[in-house]
Amino acid sequence: MSSIRRTLDERLIFEKSKKGRRGYLFPACDIPIHAQNKPLSSTYLRKITPKLPEVSEIDTVRHYNQLGRKSFGVDLGFYPLGSCTMKYNPKVNEAAASLEKFTEIHPLQDTSTVQGALKLIHELTGYLCEITGMEWGTMQPFAGAQGEYTGMKLFRAYFMQRGETKRNNLIVPSSSHGTNPASAHLAGFTVIEIPADERGLVNPEFLEPYLNDELAGIMLTNPNTLGLFEADIAKAAKKIHNAGGLLYYDGANMNAIMGKVRPGDMGFDVVHLNLHKTFSTPHGSGGPGAGPVLVSERLIPYLPVPDVVFDGNNYDFNWDRPQTIGKVAGFNGNFGILVRAYTYIRVMGKNGLKRASEIAVLNANYLRVKLMETYELTYPGLCKHEFVLSARRIKEDTGISAMDIAKGLLDLEIHPPTMYFPLIVPEALMIEPTETETRETLDEFADIMISLAELAYREPDDLHSAPHTTPVRRVDEVLAARKPVVRWREKTDPNLIHP
Amino acid sequence: MNSYIPHSEEDVREMLLAVGVQEIDDLFSDVPEELRLKRDLNIPEGLSEEEVLSLMRKYASMNTLGTSYLGCGSYDRIIPSAVSGIVSLPTFATAYTPYQPEISQGVLQAIFEFQTMICELTGLDVSNASLYDGHTAAAEAAAMCFNQRRKSQTLLVSPTVHPFTLKVLKSYFSDMGFSITVLPEKDGLPVFDSLPDYLDSSLAGLFVQSPNIYGLLEDYSGVADMLHDEGALFVISSDPMSLGMVKSQAEWGADIAIGDTQPFGLHQCFGGPTAGYIAAREKLLRKMPGRISGQTVDTDGNRAFVLTLQAREQHIKRERATSNICSNQALAALATSVYLSLAGWDGIQKAAELSYQKAHYLAAKLAATAGLSPAFSAPFFCEFTIDFTSEERAGKFLDSMKKRGIFAGVHLGSLSQNRKGLVTIAVTEKRTIEELDCYVESAMEAVNE
């Protein structure tokens, strides 16, 4: 039997198309023929026919279920992807978000008919402010990167208002998420990278050369991407503020510190949160997420419009914010994601949120201790919610890289850690277990990681050629980039990849 | 105890021991004492699943639904039943961005198919995995225009694009030394007479929308040639449902097509999540923002898919990246792919035709029986606009209709100051003739109140 191969599964939906098949029938037109309108003038009429698949409902359902089987999610297995906080996505969040009176409301309905939605947004903003120590915020940004961009626009508006047009220098540590410098640059700032000190931390002394009237501020995540708490943050904040600059907090790592320490108390002026990380909303294989932005008092006037306000009786939109940066979303951001995050916060409550961070940190440290002998810990000591191992020694001894270890994990149905990030650790494997994983899962993962390291010394070829059991083997990324094929075209022979 | 955190007290004790500390707080000893939060968060105590569901039902019940004629970027359209089951599949819903292609072929293939469908609908060559929404897609398209022409400073914008899209464009670019210049408007349409005045090396491109904010279809004959002769780009935003009937962006000569796929299988959900779409000519591929799934082969020579052209992206390029976008609206894009697979081209044409016929039926009946004639004479697709001449009269009409359970239209005055009294009415394939007749009867009463 093993020589018989099923090929039907491997077709694209377009290759399953057969003329005349239908997956859905719209109702017949109930407007009487005599009352029907004439067709449009040919100036406006479409002439080219798009090639959409013609498939039945069962074809469609099977097609996507088959694709689903060739993917991997948190619901299937351990996903210790560093900086991504792949915690369990509670199903009650989905139940709440699929209530009809949430899913069927229109963004431009009269506000008297969406009081529940506005109340939820208003209260969620308040809770997120309490968790971060900020004063108010906007729920518009769709993702963390857009939150960063919004934050940079707020920086800009603040300095413009004060006439401080020279403030263009924005500092980011070399360990920062790649979106930080990209967002700052796109918002028009000059990015200055500062190195980590020997502890892996931002050293306030390194800020000295930039503390002048050209300083806009700094973007930081704390704990940083090494999983280390920036112990000198208060000192750094003071220096930045004294020089007239602002501090931006990248909330990607908020899962480490809820209820323990708050960005606002550390001195940050703008915070974004990733609701799809810390607040348990599903990642959706790349979105939709949500990246709310919270600010300190002095930046409130610049927040996007409309604001959601409560007068004691009713909720409403308020557009009256003369210094606003404007809008960063067409409507209210990813409202469906806000409902999920709100539900999560209400289930967890004040104690549950704090407990989540405590156990996330416990899980990370437990794994760190188990793995730091086999792999290298470039920056030793207590970590927060994640830590970064280096496979440098294994690579030098055996030729097996962090990538090979990751591919070995795929065969064992474990999602690999984040690889080759942060850039300051060679052969980096960044591990974030999250609080929702049991000790047994962590024990098994540690055993597997140790076994993979042993395998690297014993039978490196086994890892070089991994994965062996996945739907495809290692893929040729260079070919994909050199000769981009980003769409199917009719009459393309599936065996002829690059005609 | 919390059902999302599985640790027993014994687990915690033993794990602390393994780490070499006494208690949980020791794990936070690196946080300076003076920064630590020394009180509880001011957030209510946790709820059980049953309690939270009951609370959420209460919040939901504070929202009201009506027979909806609201449009302007979000529509009450038919969603086939098969869509929701597929977008809840755990390997789509609970997966991260497909960084590990070997275990993400399903997601990557779905994105590749989505890209193909968007290319087919718009008539353009290349597309991506989706953007946040149709409005931010306009900003990303504008960035492509500025990037492809060095030293360009001006984006011309039609006055009849969605006012919120214009707000997003201004937020993104007006503090960056770029000019967002709005063309004049007449009879609900942009006036292109002055276009030649702007044709110089500072022009990045022209951005228009059809159907426009009033629902009107715009005629772009000759526009693309003028722009291309100068070296500027042409960007057209369209409600993708209209593409089931009217000219695609490529047929008008556009270089970039954008919009929002909400009409294709996505709930209105107070405005999100939806998915922005973008497609462009081949030569702009490497300027395109966001994730792109590309076809390649694996080591056995089998067809495979992978996120490609990542060298454009921020995790490699950092501050030299041309966009900061590192996610998309994958699950929303998946809903659109499933919708388009089920409907097929035949279904999209049908839904577009139904919307067109029903909208025109309602417009004609309102004009004939309630004295409510469309404000503009240009052809429309499924939305038309009535001028109530004042904010008060428009408000009174909409309130009166609301009392009858009908969300009768969007008051454009609530979107932009200079459109007070104008109400845009959207009719989709979902509205029945009974509902349309009920609208007309209610409107006759409402205007006479």
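Remember, predicted model here, so these are calculated numbers, not experimental data.

1. Some details on the interface of chain A and chain B
How large an interface is tends to be reported as the accessible area lost when its parts come together.
(1) Moving on: In this complex, chain A contributes 169 residues to the contact, which on the side of chain B involves 166 residues.
(2) Moving on: For the side of chain A that touches chain B, the residue count by class is 89 nonpolar, 46 polar and 34 charged.

2. Here's the deal with the environment of Pro422 of chain A
(1) Moving on: Within the secondary structure layout, Pro422 of chain A lies in the loop between strand E12 (418-419) and strand E13 (428-431).
(2) Moving on: The residues touching Pro422 of chain A, leaving out its near neighbours within four places in the chain, are Ser175, Thr225, Leu226, Val388 and Ala428 of chain A.

3. Examining the domain arrangement of chain B
All names here are of chain B.
(1) Moving on: Taken domain by domain, chain B holds domain 1 (67-76 + 344-448) and domain 2 (82-338).
(2) Moving on: One C-alpha centre belongs to domain 1, the other to domain 2, and the line joining them spans 28 Å.
(3) Moving on: Across the boundary between the two partners, domain 1 contributes 27 residues, which contact 23 residues of domain 2.
(4) Moving on: For the side of domain 1 that touches domain 2, the elements supplying multiple residues, two or more each, are helix H11 (330-369) and strand E13 (383-387).
(5) Moving on: With 7 residues, the top contributor of residues to the side of domain 1 that touches domain 2 is H11.
(6) Moving on: Of the residues in the side of domain 1 that touches domain 2, the class split is 16 nonpolar, 8 polar and 3 charged.

4. Concerning the sheet that holds strand E3 (residues 190-194) of chain A
Residue and element names in this part refer to chain A.
(1) Moving on: An order of E1-E7-E6-E5-E4-E2-E3 is seen for the 7 strands of this open sheet, with the pairing classed as mixed. Edge positions in the sheet fall to strand E1 (136-138) and E3, since each of these pairs with one other strand and no more. Each strand axis lies, on average, 25° off the axis of its neighbour in the sheet, ignoring direction.
(2) Moving on: Of the strands in this sheet, E1, strand E6 (270-273) and strand E7 (293-295) touch helix H4 (residues 115-132), which is tilted by about 120° from E1.

5. So, the sheet that holds E12 of chain A
Residue and element names in this part refer to chain A.
(1) Moving on: Pairing is antiparallel in the open sheet, where 4 strands are placed in the order E10-E11-E13-E12. A strand with exactly one partner marks an edge of an open sheet, and here the two such strands are strand E10 (376-377) and E12.
(2) Moving on: In the sheet, E10 pairs with strand E11 (residues 387-390) via 2 bridges, with the strands oriented antiparallel. Residue pairing for E11: Glu376 is matched across the bridge by Ser390.

6. Structural notes on the pairing of strand E5 (residues 246-251) of chain A
Residues and elements named next belong to chain A.
(1) Moving on: Burial runs high along E5: 6 of the 6 residues are buried.
(2) Moving on: In E5, alternate side chains face the same way, and those of Leu246, Tyr248 and Asp250 on one face and Leu247, Tyr249 and Gly251 on the other are all buried.
(3) Moving on: The sheet contact formed by strand E4 (residues 215-220) and E5 spans 4 bridges and is parallel. Bridging from a neighbouring strand, Ile218 pairs with Leu247 of E5.
(4) Moving on: With helix H8 (residues 233-242) bridging E4 and its parallel neighbour E5, the resulting β-α-β unit is right-handed.
(5) Moving on: Here E5 pairs with E6 via 4 bridges, running parallel. Its bridge partner being in E6, Tyr248 is matched across the sheet by Val270.

Each value, and the rule that gives it
Residues numbered from 1 in each chain as written. Chains lettered and ligands numbered in written order. Predicted model: local features only at pLDDT ≥ 70, side-chain atom pairs only at ≥ 80, totals over all residues. Contact = placed C-beta atoms within 7 Å. Nonpolar A, V, L, I, M, F, W, Y, C, P; charged D, E, K, R; others polar. Helix = DSSP H or I, 4+ residues; strand = E, 2+ residues; numbered from the N terminus. Domains from an automatic or database assignment. Pairing = 2+ DSSP bridges. Axes fitted to C-alpha atoms, helices over the stretch in contact; angles between N-to-C directions. Buried ≥ 20, exposed ≤ 12 C-beta atoms within 10 Å, placed from the backbone. Right-handed = clockwise from strand over helix to strand, strands pointing away.

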